[in-house]
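Close look at the chain arrangement
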Amino acid sequence: AQSVTQLDSQVPVFEEAPVELRCNYSSSVSVYLFWYVQYPNQGLQLLLKYLSGSTLVKGINGFEAEFNKSQTSFHLRKPSVHISDTAEYFCATFSNTGNQFYFGTGTSLTVIP
Amino acid sequence: DVKVTQSSRYLVKRTGEKVFLECVQDMDHENMFWYRQDPGLGLRLIYFSYDVKMKEKGDIPEGYSVSREKKERFSLILESASTNQTSMYLCASSLWRLMNTEAFFGQGTRLTVV
């Protein structure tokens, strides 16, 4: 079965510092990967997605992620975070056989002033 | 602008009550999903539907049922609410076409069972 693992449950970082949120996936079929963000008491919003093509994917709010097939990773990065980036971040994959999404357990990013 | 709307943001129900959570999407999506979100557990799939009147069990279907009588509407039913069903419930929808897929989420319903 397809799954994703988010290696860090909580990541504190100072404002204007760079951040990396880690995600590893397991799959024996084609890979479709996503990062979502959830602000407090809201639903999830898509940051970026990888379906095919370039392994470096740029998303909204200055985030980007790199698909690395050899390391089965899809880490999310931002070179300089803002207070407003404080939120929960979820990595996800889509199964084209089961027609459903699989989500990681989430990483809580806290940006410290 | 794409939209998934959940009928309630906050809901308080008593143990044993039958609870209906409604979700409507205006994007003509084939797929619709119900997730439950709990701290430290991420999102867990309860049920999903890929067409009208079709449903598939997810990872945690026990204690829940669903209904999809129209393409735009997907209802989650708690037959007899229990305190361990206190949680945040998220509805999502997506296209069937793989190369353009992503899940669109509603705002969530925070359900408290007392």
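1. With respect to empty space enclosed by the protein
Under the defined criterion, the tally for this structure stands at one cavity of 30 Å³ or more. As a volume, the largest cavity reaches approximately 30 Å³. Forming the walls of the largest cavity are A:N41, B:R9, B:Y10, B:M88, B:Q107, B:G108 and B:R110. Within the lining of the largest cavity, the residues separate by chemical class into two nonpolar, three polar and two charged.

2. Digging into the pairing of strand 5 (residues 42–49) of chain B
Residues and elements named next belong to chain B. Along strand 5, seven of the eight residues are buried, which leaves the element largely enclosed by surrounding structure. Note that strand 4 (residues 31–38) and strand 5 share seven bridges and pair antiparallel. Bridging from a neighbouring strand, D38 pairs with G42 of strand 5. Linkage of strand 4 to strand 5, two consecutive antiparallel strands, is achieved through a turn of three residues, within which G40 is found at a positive phi near 80°. In the sheet, strand 5 pairs with strand 6 (residues 56–57) via two bridges, with the strands oriented antiparallel. Counterpart to F48 in the pairing with strand 6 is E56. Joining the antiparallel neighbours strand 5 and strand 6 is a turn of six residues, in which K53 adopts a positive phi near 65°.

3. Brief notes about the sheet that holds strand 8 (residues 73–78) of chain B
Residue and element names in this part refer to chain B. If you trace the four strands from one edge of the open sheet to the other, you get 1-3-8-7, paired in antiparallel fashion. The sheet is open, and its two edges are formed by strand 1 (4–6) and strand 7 (64–70), each paired on a single side. Here the average twist between neighbouring strands, direction ignored, is 20°. Sheet analysis places strand 3 (residues 19–25) next to strand 8, joined by six bridges and oriented antiparallel. For V19, the partnering residue across the bridge sits in strand 8 and is L78.

4. Examining unusual backbone geometry
A positive phi angle, close to 60°, is found at A:N61, a residue other than glycine. Take A:N61: it is sitting in the loop between strand 7 (56–58) and strand 8 (64–68). By relative accessible area, which is 40% here, A:N61 ends up partly exposed. Here the phi dihedral of B:K53 falls at roughly 65°; this positive angle occurs in a residue that is not glycine. By the element assignment, B:K53 lies in the loop between strand 5 and strand 6. Exposure remark for B:K53: the relative accessible area of 57% places this residue in the exposed category.

The rules behind each value
- Residues numbered from 1 in each chain as written.
- Chains lettered and ligands numbered in written order.
- Predicted model: local features only at pLDDT ≥ 70, side-chain atom pairs only at ≥ 80, totals over all residues.
- Heavy atoms only, no water.
- 1 Å grid on protein atoms, 1.4 Å probe; cavity = no way out; pocket = protein on both sides within 12 Å on 5 of 7 lines; lining within 4 Å.
- Points joined across faces, edges and corners; volume = space filled by probe spheres on them.
- Nonpolar A, V, L, I, M, F, W, Y, C, P; charged D, E, K, R; others polar.
- Buried < 20%, exposed > 50% of the residue type's maximum accessible area, 1.4 Å probe, protein only.
- Helix = DSSP H or I, 4+ residues; strand = E, 2+ residues; numbered from the N terminus.
- Pairing = 2+ DSSP bridges.
- Axes fitted to C-alpha atoms, helices over the stretch in contact; angles between N-to-C directions.

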